[in-house]
Amino acid sequence: MGKLNRKTLLLISLLALFFVVGAAWLLRGHTQTKTSQANAHEHISEHVYICPMHPQVRQSSPGRCPICGMDLVETDESPSSKHQDAQSERVLTAEPPPNTQFFTVEKRTLSPRTNAWARVAVDATNEFVVTAPADGWIRQVYVNHIGQTVTAGESLFEIFSPELYQRQRDYIDTLNRRDQLADSITDMRGQNAEVLGSLARERKRQRDAFLRIGIASISIDTLEQYRRPLDTLAIASPYAGTVTAVDARSGLTAGPSTALYRIVNNQNMPVDVVLTPAQMKTVQTPARLAIAGGDAENTVSIDLSQAGYDSTLQSYVVRTLLPKDRLNKTPWAGLMQHAVPVGAVLDVSVLSAAQEALVVPRQAILESPDGQFLVVEVEPSRYAVRKVVAGASDTHWTAIREGVQAGDKVVTEGQFLLDAAATFQQSFSQSHTD
């Protein structure tokens, strides 16, 4: 019995020892895995992104070179070299080429002009629909082209309608009764005067009814002159404007619910001005709209507070009207005299109120997908490619809101020559060091 207990205890001890050794081995493997993952992560975090064409451009995250626009390439570098690169990040060291020009940042009064585009639109309150006055058939069409300009009362088409034919007979009957009564009575007082006055009022009511439904005055005059119903009646445009849609055709069956023409009042031309989010940040109120290349005198006001965001265009859109009486002596005069199709695109400029700001010449700014940059002289023969926040611009100057101070010296001409000289000098130095 004692031997059995000793064997059992020995077996249990061996199993416990095996379990402890196995657990320790698994724990060690898990710890090594986490350590190697952390080391790998640390190794990745030490990667530096540089420009293949401009090695002096370095940063810790992907992006594009502000000088040439190329994608930055990932490289493996030690923490010490990365720290050293951070000290010289986007710094050019070279003697400026002969053609390099500079400008000292200063404050100036800026009259911002933002170049944009506008799209000719249709204003629902400015558009009118012409229909047939009664059920019938269109016999002849006078206005059959989109873009034609019509005047109020101008004949658009002729229609035959049994209903209108009967109303002509009623009108002729009223005219004849009035004339017969006027010829037969000699005393224009009392009951005779009342009847004659009643017929005159009825005649006016019927004529006004013809005019209200769009019958052209020339057809009514012909009806009164010959006192015979006309086979067709001319339908006139009730508005002056530009035809934007034509659905009238000879032989077409039409009625009061049939839209035959759409006419836009050309006293005002509605346009939708499109501004990108970046432009909206730079435009300041009060603002005015000008034709691109026009002067500040021939402008119309634009209410930017009414701008709405268009997700399709990914821009802000604000509608304004170009009044004909204000634009007849401007570059817009030609547009107002001719029909401009809906959807046509115009080049425009938004003029903001004058402001005082730190400015640089427009050509000094380098544009890239990652933002806007200036080449700033930090000390003799050393230049920093510095990211800035640009503001509004006019014809020659751009305001800089962040990134430079008054007195900073920026390169306006020869940025790429300066960069080429810096690249050559760096390559030359490295080759001699190696």
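Here the structure is a predicted model, which means the values were calculated and not measured.

A. Region of interest: the overall build of the protein chain. Of the regular secondary structure elements, the protein chain holds nine helices and 27 strands. Here the protein chain holds 434 residues, and 38% of them are scored as buried. A separation of at least 24 residues holds for 71% of the contacts in the protein chain among residues at least 6 apart in sequence. Summed over all atoms, the accessible surface of the protein chain reaches about 25,000 Å², with 53% contributed by carbon and sulfur.

B. Region of the structure containing the sheet that holds strand 9 (residues 136–141). The strand order 12-11-9-14 describes an open sheet built from four strands, whose pairing is antiparallel. Whereas interior strands pair on both sides, the edge strands pair on one side only; in this sheet they are strand 12 (233–236) and strand 14 (253–254). Bridging between strand 9 and strand 11 (residues 155–160) involves four bridges; their strand directions are antiparallel. Within strand 11, the position partnered with Val 141 by the bridge is Phe 157.

C. Examining the nonpolar core more closely. With 28 residues, the main nonpolar core has Ile 138, Leu 156, Phe 157, Ile 215, Val 243, Leu 260 and Tyr 261 as its most contacted residues. Counting only elements with at least two residues in this core, the list comes to strand 9, strand 11, helix 3 (162–184), helix 5 (217–226), strand 12, strand 13 (241–246) and strand 15 (259–264). If one sorts the elements of this core by residue count, helix 3 sits on top with four residues. For Phe 157, the contacting residues outside a window of four places in its chain are Thr 131, Ala 132, Ile 138, Gln 140, Val 141, Tyr 142, Leu 233, Ala 234, Ile 235, Leu 260 and Tyr 261.

D. Main features of the confidence of the model for the protein chain. Residues at a pLDDT of 70 or more form 73% of the protein chain, whose mean pLDDT is 79. This model gives residues 29–45 a pLDDT under 50, and the stretch forms two contacts once residues within four places in sequence are excluded. Within the model, the stretch residues 78–89 combines pLDDT values under 50 with 12 contacts to residues more than four positions away or in other chains.

E. Representation of the sheet that holds strand 10 (residues 149–150). Taken together, four strands build an open sheet; the order of strands is 8-15-13-10 and the sheet is antiparallel. Edge positions in the sheet fall to strand 8 (127–131) and strand 10, since each of these pairs with one other strand and no more. Here strand 8 pairs with strand 15 via five bridges, running antiparallel. Residue Thr 131 lies in a different strand from strand 15, and its bridge partner there is Ala 259.

F. Structural context of the pattern of salt bridges. Overall, the coordinates contain 13 salt bridges when judged by the stated rule. Put simply, Asp 208 and Lys 204 hold a salt bridge, and the shortest N to O gap is 2.8 Å. Taken together, the residues span about one helical turn, with Asp 208 and Lys 204 both in helix 4 (residues 191–212) at a distance of four residues. Among the salt bridges present, the one from Glu 377 reaches Lys 409, with a minimum N-O distance of 3.8 Å. Of this pair, Glu 377 sits in strand 24 (residues 371–379) while Lys 409 is found in strand 27 (residues 409–413), placing the two residues 32 residues apart along the sequence. A cluster of three or more residues bridged by salt bridges with shared partners is formed by Arg 203, Arg 207, Asp 221 and Glu 224.

G. Structural detail: the environment of Asn 176. Topologically, Asn 176 is positioned in helix 3. A relative accessible area of 29% means that Asn 176 is categorised as partly exposed. The sequence separation of Asn 176 and Arg 227 amounts to 51 residues, and the corresponding C-alpha distance is 8.3 Å.

H. Inspection of the packing of aromatic side chains at higher detail. Applying the stated rule across the entire model yields seven aromatic pairs. Between the aromatic rings of Tyr 309 and Tyr 316, the centroid separation amounts to 5.2 Å while the plane-to-plane angle is 70 degrees, which identifies the pairing as edge-to-face. Judged by relative accessible area, which is 48%, Tyr 309 ranks as partly exposed. Geometry around Phe 102 places Lys 409 over its ring, the cationic atom sitting 4.7 Å from the centre.

I. Looking closely at helix 3. Over its 23 residues, helix 3 runs 33 Å from end to end, which matches the ideal 33 Å to within 8%, given 1.5 Å per residue. Here helix 3 has its buried residues at Leu 164, Gln 168, Tyr 171, Ile 172, Thr 174, Leu 175 and Leu 181. Contact partners of the buried residues in helix 3: strand 11, helix 4, helix 5 and strand 12.

J. Structural context of the packing of helix 3 against helix 4. Interaxial distance between helix 3 and helix 4 falls to 10 Å at its minimum, and their mutual angle equals 155 degrees. In terms of orientation, helix 3 and helix 4 fall into the roughly antiparallel class. The chirality of how helix 3 crosses helix 4 is left-handed. Contact residues: Arg 167, Gln 168, Asp 170, Tyr 171, Thr 174, Leu 175, Arg 177, Arg 178, Leu 181 and Ala 182 in helix 3; Asn 192, Val 195, Leu 196, Leu 199, Glu 202, Arg 203, Gln 206, Arg 207, Ala 209 and Phe 210 in helix 4. Grouping the amino acids of the contact of helix 3 with helix 4 by side-chain chemistry returns nine nonpolar, four polar and seven charged.

K. Summary view of unusual backbone geometry. The phi torsion at Arg 227 lies on the positive side, around 55 degrees, for a residue other than glycine. Following the sequence through the fold, Arg 227 ends up in the loop between helix 5 and strand 12. Its relative accessible area of 27% is what places Arg 227 among the partly exposed residues. Despite not being glycine, Ser 381 has its phi angle at roughly 65 degrees, a positive value. By the element assignment, Ser 381 lies in the loop between strand 24 and strand 25 (382–393). The class of Ser 381 is buried, set by a relative accessible area of 19%.

Parameters and conventions
- Residues numbered from 1 in each chain as written.
- Predicted model: local features only at pLDDT ≥ 70, side-chain atom pairs only at ≥ 80, totals over all residues.
- Heavy atoms only, no water.
- Helix = DSSP H or I, 4+ residues; strand = E, 2+ residues; numbered from the N terminus.
- Buried < 20%, exposed > 50% of the residue type's maximum accessible area, 1.4 Å probe, protein only.
- Contact = heavy atoms within 4.5 Å.
- Areas by Shrake-Rupley, 256 points an atom, 1.4 Å probe, with all protein chains shown as cover.
- Pairing = 2+ DSSP bridges.
- Core = buried A, V, L, I, M, F, W, Y, C linked by side-chain atoms within 4.5 Å.
- pLDDT = per-residue confidence, 0-100.
- Salt bridge = Lys/Arg side-chain N within 4 Å of Asp/Glu carboxyl O.
- Phe/Tyr/Trp six-rings, centres within 6.5 Å; stacked < 30°, edge-to-face > 60°.
- Lys NZ or Arg CZ within 6 Å of the ring centre and 35° of its normal.
- Expected span 1.5 Å × (residues − 1).
- Axes fitted to C-alpha atoms, helices over the stretch in contact; angles between N-to-C directions.
- Parallel < 35°, antiparallel > 145°, perpendicular 65-115°, else oblique.
- Left-handed = near helix turned anticlockwise from the far one by under 90°.
- Nonpolar A, V, L, I, M, F, W, Y, C, P; charged D, E, K, R; others polar.

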